[in-house]
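Listed below are the residues making up each chain.
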Amino acid sequence: MKIAIGYDHVGYILRKDIIDYLETKNITVIDLGAPSTERTDYPIYANKVARAVNSKEADLGILICGTGIGISIAANKCSGIRAVVCSDPYSAKLSREHNNTNILAFGSRVVGSELAKMIVEQWLMAKFEGGRHQNRIDQIDAIQKGEFHE
Ligand code: RB5
């Protein structure tokens, strides 16, 4: 399993605990985040991680900014991406089971390290259920292509 991780200057501090956590689970981490806590722009890192996921260089992606909001919005503009911003493990789990999310985002100003690790754990353990949920994902894809006219 390979996970691409991206973060801006606000996510920079929390990133280390998440990378360490992933590595203890024998996950290969592709680090595409900001080089330091010097101010930068979160869309840069959303785009890098989204491209890694869409090209299958990475199986999944994780994004961290201050709230997780901006970086998830940016990722959701990219082809093939279903990004979710989560502050609780239940939503993270359901986002994979029902929505087949391929990028998880959270905010370093919203969740602490231990909660963030629980969110990541639930997200990684969950499996997409397919079935009726696949039909809805197909509808989302059609919206993105301008081909959904309900
Ligand atoms: C940066 O100040 C902050 O806006 C960013 O980390 C993120 O929270 C945006 O959604």
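Each remark here, short or long, concerns the structure printed above.
The rules behind these values
- Residues numbered from 1 in each chain as written.
- Predicted model: local features only at pLDDT ≥ 70, side-chain atom pairs only at ≥ 80, totals over all residues.
- Heavy atoms only, no water.
- Helix = DSSP H or I, 4+ residues; strand = E, 2+ residues; numbered from the N terminus.
- Rg over C-alpha atoms; globule rule 2.2 N^0.38 Å.
- Buried < 20%, exposed > 50% of the residue type's maximum accessible area, 1.4 Å probe, protein only.
- Contact = heavy atoms within 4.5 Å.
- Areas by Shrake-Rupley, 256 points an atom, 1.4 Å probe, with all protein chains shown as cover.
- Lys, Arg positive; Asp, Glu negative; His and termini not counted.
- Charge placed at Lys NZ, Arg CZ, Asp CG, Glu CD.
- Near = heavy atom within 4 Å.
- Polar contact = N/O pair within 3.5 Å; in protein donor to acceptor, adjacent residues only side chain to side chain.
- Nonpolar A, V, L, I, M, F, W, Y, C, P; charged D, E, K, R; others polar.
- Phe/Tyr/Trp six-rings, centres within 6.5 Å; stacked < 30°, edge-to-face > 60°.
- Lys NZ or Arg CZ within 6 Å of the ring centre and 35° of its normal.
- Pairing = 2+ DSSP bridges.
- Right-handed = clockwise from strand over helix to strand, strands pointing away.

(A) Local environment of the overall build of the protein chain. When its secondary structure is counted, the protein chain shows six helices and five strands. The secondary structure elements of the protein chain, listed N-terminal to C-terminal, are β-α-β-α-β-α-β-α-β-α-α. On C-alpha atoms alone, the protein chain measures out to a radius of gyration of 15 Å, which is about the 15 Å that the 2.2 N^0.38 rule sets for 150 residues. If you line up the protein chain on its principal axes, its C-alpha atoms span 45 × 30 × 25 Å. The burial tally for the protein chain puts 48% of its 150 residues in the buried class. If you take every contact in the protein chain between residues at least 6 apart in sequence, the share linking residues at least 24 apart comes to 71%. Carbon and sulfur atoms make up 49% of the accessible area of the protein chain, which amounts to about 8,000 Å² in all. In the protein chain, 18 positive and 18 negative side-chain charges are present, and the distance between their average locations comes to 1 Å.

(B) Expanded view of the site of the ligand. Taken together, Asp8, Val10, Tyr42, Cys65, Gly66, Thr67, Gly70 and Arg109 make up the full set of residues adjacent to the ligand. Contacts to the ligand include Asp8, whose side-chain N or O atom sits 2.6 Å from an oxygen atom. Separating an oxygen atom of the ligand from a backbone N or O atom of Thr67 is a distance of 3.0 Å. In terms of residue class, the shell around the ligand is made up of three nonpolar, three polar and two charged.

(C) The environment of Ala142, seen in detail. For Ala142, the position within the fold is in helix H6 (residues 132-144). In this view, Ala142 contacts Glu147 and Phe148; residues no more than four positions away in its chain are not counted.

(D) Quick look at the side chain of Asp8. Among the secondary structure elements, Asp8 is positioned in the loop between strand S1 (2-7) and helix H1 (12-24). Only 3.0 Å separates the side chain of Asp8 from the backbone nitrogen of Gly11, close enough to count as a polar contact.

(E) View of the packing of aromatic side chains. Within this structure, the stated rule accounts for one aromatic pair. With 6.1 Å between their ring centres and 65° between their planes, Tyr7 and Tyr12 make a pair best called edge-to-face. One exposure class covers both Tyr7 and Tyr12, and it is buried. The residue whose ring lies beneath Arg15 is Tyr12, and the NZ or CZ to ring-centre distance is 3.9 Å. The ring of Trp123 has Arg96 lying over it, and the distance from NZ or CZ to the ring centre is 5.4 Å.

(F) Geometry of the pairing of strand S2 (residues 28-31). For S1 and S2, the ladder comprises four bridges, and the chain directions are parallel. Pairing of Ile5 across the sheet is with Asp31, part of S2. Each parallel crossover has a hand, and for S1 linked through H1 to S2 it is right-handed.

The values reported here are purely geometric and, on their own, carry no functional implication.
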